[in-house]
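Residues per chain, in single letters:
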Amino acid sequence: MPATEQTGPERGDRTVLDARDISRALTRISHELLERNKGATDLVLLGLHTRGVPLAKRIADKIAAVEGAPVAVGELDVTMYRDDLRSQPTRRAHKTALPPGGIDRKVVVLVDDVLFSGRTIRAALDALADLGRPSAVRLAVLVDRGHRELPIRADHVGKNLPSALAERVSVRLAEVDGSDEVTIS
């Protein structure tokens with residue numbers, strides 16, 4: 001079952017985060033990142049396609065507003081590193097774009113919308129190993145819905161959302177979907 005649903009809200013959906021809640025969660029994550037890293041030096045945010053990319057850019061903007069300097073942001077496509085390619089071969093590949101300074105000896109923060117089984121993050125770690133050697137890798141997610149299949153845990157979470165396996169958590173972001181909200185159905 002997919003961790004996120006890309007369609008609009010349907011009957012029976014319950015909104016768990018609206019646009020203001022999402023903004024507050026990203027502000028909190030931004031401040032946590034700055035505190036843990038003791039500033040923005042050597043910090044690189046890598047958004048996982050699709051919705052992790054705009055989330056990483058929003059976090060970078062919030063950090064830059066506090067620090068007064070831009071934060072390196074990139075995009076990471078994990079399609080070819082996924083362990084479900086045989087069962088779901090129709091995934092569209094996206095681009096991987098590292099910031100000009102690369103990721104070697106940097107603190108890389110992987111940014112995604114929903115943490116579910118942990119398999120996407122495992123794929124992201126495999127992709128990172130092919131791209132360079134960061135000094136540390138951290139994980140920031142907007143929503144952690146539980147149900148891990150792998151020993152992966154987010155360092156920074158916007159909202160812990162206990163859910164049943166049969167439920168769907170849908171993240172909509174203005175940059176991709178035209179509006180900001182997180183629903184569960």
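Residues numbered from 1 in each chain as written. Predicted model: local features only at pLDDT ≥ 70, side-chain atom pairs only at ≥ 80, totals over all residues. Heavy atoms only, no water.

If you check an unreviewed UniProt entry, the protein chain appears there as Bifunctional protein PyrR from Nocardioides cavernae. Annotation of the protein chain in UniProt includes, under Catalytic activity (unreviewed entry), the sentence "UMP + diphosphate = 5-phospho-alpha-D-ribose 1-diphosphate + uracil". Under the heading Sequence similarities (unreviewed entry), UniProt records this for the protein chain: "Belongs to the purine/pyrimidine phosphoribosyltransferase family. PyrR subfamily." (UniProt positions renumbered as here; feature names shortened; annotations may be inferred.)

1. Quick notes on the overall build of the protein chain
When you go through the protein chain residue by residue, the secondary structure sums to 4 helices and 8 strands. Tracing the protein chain from N to C terminus, the helices and strands come up as β-α-β-α-β-β-α-β-β-β-α-β. Referenced to the eigenvectors of the C-alpha coordinate spread, the extents of the protein chain come out at roughly 45 × 40 × 30 Å. Expressed as a percentage of the 185 residues in the protein chain, the buried residues total 47%. Excluding contacts between residues fewer than 6 apart, the proportion of contacts in the protein chain whose partners are at least 24 apart in sequence is 72%. Surface summary for the protein chain: the accessible area is close to 9400 Å², and the carbon and sulfur share equals 48%. Here the protein chain carries 28 positive and 27 negative side-chain charges, and the mean point of each set is 2 Å from the other. (Helix = DSSP H or I, 4+ residues; strand = E, 2+ residues; numbered from the N terminus. Buried < 20%, exposed > 50% of the residue type's maximum accessible area, 1.4 Å probe, protein only. Contact = heavy atoms within 4.5 Å. Areas by Shrake-Rupley, 256 points an atom, 1.4 Å probe, with all protein chains shown as cover. Lys, Arg positive; Asp, Glu negative; His and termini not counted. Charge placed at Lys NZ, Arg CZ, Asp CG, Glu CD.)

2. Considering the packing of aromatic side chains
As enumerated under the stated definition, the model contains 0 aromatic pairs in all. Positioned over the ring face of phenylalanine 116 is arginine 145, at 4.1 Å from the centre of the ring. (Phe/Tyr/Trp six-rings, centres within 6.5 Å; stacked < 30°, edge-to-face > 60°. Lys NZ or Arg CZ within 6 Å of the ring centre and 35° of its normal.)

3. Some thoughts on the UniProt feature "short sequence motif: PRPP-binding" (unreviewed entry) in the protein chain
UniProt's feature table lists "short sequence motif: PRPP-binding" (unreviewed entry) at residues 108-120, given in the numbering used throughout. Across residues 108-120 one finds 15% helix and 62% strand; the C-alpha atoms that close the span lie 16 Å apart.

4. A word on the pairing of strand β3 (residues 72-76)
Here 5 bridges tie strand β2 (residues 43-48) to β3, and the two strands are oriented parallel to one another. Pairing of leucine 45 across the sheet is with valine 73, part of β3. Following the chain from β2 across helix α2 (residues 52-67) to the adjacent parallel β3, one finds a crossover that is right-handed. (Pairing = 2+ DSSP bridges. Right-handed = clockwise from strand over helix to strand, strands pointing away.)

5. Let's talk about α2
Since the α-helix packs 3.6 residues into each turn, any two residues three or four apart lie on the same face. The end-to-end C-alpha separation of α2 is 22 Å, in line with the 22 Å expected for 16 residues at 1.5 Å each. Along its buried surface, α2 packs onto α1 (19-37), β2, β3, β4 (107-115), β5 (136-144) and α4 (174-177). Just past α2, the residue glycine 68 takes up positive phi, approximately 75 degrees. (Expected span 1.5 Å × (residues − 1).)

6. Section: the nonpolar core
In this structure, Leu45, Ile59, Ile63, Leu142, Val143 and Val182 are the most contacted members of the largest nonpolar core, which totals 31 residues. Where this core is concerned, the elements lending two or more residues are β1 (14-17), α1, β2, α2, β4, β5, β7 (169-172) and β8 (181-184). At 6 residues, α1 tops the list of elements feeding residues into this core. Excluding residues that lie within four positions of it along the chain, isoleucine 59 makes contacts with Leu26, Ile29, Ser30, Leu33, Leu45 and Val111. Formed by 19 residues, the second largest nonpolar core is a distinct cluster that contains Leu115, Ala124, Leu128 and Leu139. (Core = buried A, V, L, I, M, F, W, Y, C linked by side-chain atoms within 4.5 Å.)

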